[in-house]
Amino acid sequence: MKLQIKVDDKTGKIVDARFKTFGCGSAIASSSAAILVKNSLKDEGKANGGSSVQKKNTEIAKHLSLPPVKLHCNMLVEDAIKVAVKDCEAKRAKETASGEAATEEKLATA
């Protein structure tokens, strides 16, 4: 699964999300639901207990009626979102440290 997010630095909102997934139908359906992170705050994607990302994932699993054997597909989405947000923050810190001009939006990939 490859997930790309675009974050607006001014608002901290995820303004775009795209995915590419190879796998079963459950993995692809779960990935397509990852676009629900659009207009979420970037901080919601962080790995903190009870995050709204986890809440959305349980809602997605329920909505898709995923059987227990396919719940790992939904967890991949949660992990991808967390990694993408972490990547975005790392890129921002690197730009700040190197003195480069900050752009309005960042593209992060997980």
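Each remark here, short or long, concerns the structure printed above.
The rules behind these values
Residues numbered from 1 in each chain as written. Predicted model: local features only at pLDDT ≥ 70, side-chain atom pairs only at ≥ 80, totals over all residues. Heavy atoms only, no water. Buried < 20%, exposed > 50% of the residue type's maximum accessible area, 1.4 Å probe, protein only. Helix = DSSP H or I, 4+ residues; strand = E, 2+ residues; numbered from the N terminus. Arc of directions from axis to C-beta. Axes fitted to C-alpha atoms, helices over the stretch in contact; angles between N-to-C directions. Left-handed = near helix turned anticlockwise from the far one by under 90°. Contact = heavy atoms within 4.5 Å. Nonpolar A, V, L, I, M, F, W, Y, C, P; charged D, E, K, R; others polar. Expected span 1.5 Å × (residues − 1). Salt bridge = Lys/Arg side-chain N within 4 Å of Asp/Glu carboxyl O.

**Here we look at helix H1 (residues 25–32)**
For H1, the full list of buried residues reads Ser26, Ala27, Ser30 and Ser31. End-on view of H1: buried residues confined to an arc of 135°, all on one side of the axis.

**Examining the packing of H1 against helix H3 (residues 71–98)**
Running from N to C, H1 and H3 point in directions that differ by 35°, and their axes come no closer than 8 Å. Relative to H3, H1 is oriented so that their crossing is right-handed. Within the contact between the two elements, H1 uses Ser26, Ala27, Ser30 and Ser31 and H3 uses Cys73, Asn74 and Val77. In terms of residue class, the contact of H1 with H3 is built from 3 nonpolar, 4 polar and no charged.

**Considering H3**
With 28 residues, H3 ought to run about 40 Å at 1.5 Å a step, and its terminal C-alpha atoms sit 41 Å apart, in line with that. Within H3, the full set of buried residues consists of Cys73, Asn74, Val77, Glu78, Ala80, Ile81, Ala84, Val85 and Cys88.

**Description of the pattern of salt bridges**
Here the structure, examined in full by the defined rule, presents 3 salt bridges. With a shortest N-O distance of 3.0 Å, Arg18 and Asp16 are connected by a salt bridge. Judged by its relative accessible area of 54%, Arg18 falls in the exposed class. Across the salt bridge formed by Lys91 and Asp87, the nearest N and O atoms sit 3.5 Å from each other. A residue pair is termed a helical-turn pair when its members lie 3 or 4 positions apart in one helix, as Lys91 and Asp87 do in helix H3 at 4 residues.

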